[in-house]
Amino acid sequence: MEKPWFRRSGILYFPNATMGWVFLILLLIYWVYTFIGVDRHSHSLSDTLINFVFNALFGLFVYQFVGYISVKEFKKSRPPK
């Protein structure tokens, strides 16, 4: 791995490589697709938002987990100086 997919800033991970950007774009597509699917079967705005929040948090958890693993594996694979 040449460089990590993400870089850490506080508790957030920001894309640092092409694969990081691809993963972020896939997450945004997942959120839009999920919102449309939830909205299609909801009866009110609050019903839509309540059901969407769980899917959005799940996607954010996966994104943070991949960012954590990416940074951790990069640090582990670097040769000592």
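Structure's up top.
Note that the structure is a prediction, hence the values are computed from the model and not measured.

**A short note on the environment of Arg8**
Mapped onto the secondary structure, Arg8 falls in strand E1 (residues 6–9). Overall, Arg8 belongs to the exposed group, its relative accessible area being 52%. Along the backbone, Arg8 and Gln64 are 56 residues apart, and their C-alpha atoms lie at a distance of 9.9 Å. In this structure the side chain of Arg8 is engaged in a polar contact, spanning 2.8 Å, whose partner is the backbone oxygen of Gly10.

**Re the nonpolar core**
If you look at the biggest cluster of nonpolar residues, it comprises 7 residues: Phe6, Tyr13, Leu24, Leu27, Tyr63, Val66 and Val71. When residues of this core are traced back to their parent elements, those giving at least two are helix H1 (18–41) and helix H2 (45–77). Here this core gets 3 residues from one element, more than from any other, and that element is H2. For Leu27, the residues in contact, after removing those within four places along its chain, are Gly59, Leu60 and Tyr63.

Reading the values: rules and limits
Residues numbered from 1 in each chain as written. Predicted model: local features only at pLDDT ≥ 70, side-chain atom pairs only at ≥ 80, totals over all residues. Heavy atoms only, no water. Helix = DSSP H or I, 4+ residues; strand = E, 2+ residues; numbered from the N terminus. Buried < 20%, exposed > 50% of the residue type's maximum accessible area, 1.4 Å probe, protein only. Polar contact = N/O pair within 3.5 Å; in protein donor to acceptor, adjacent residues only side chain to side chain. Core = buried A, V, L, I, M, F, W, Y, C linked by side-chain atoms within 4.5 Å. Contact = heavy atoms within 4.5 Å.

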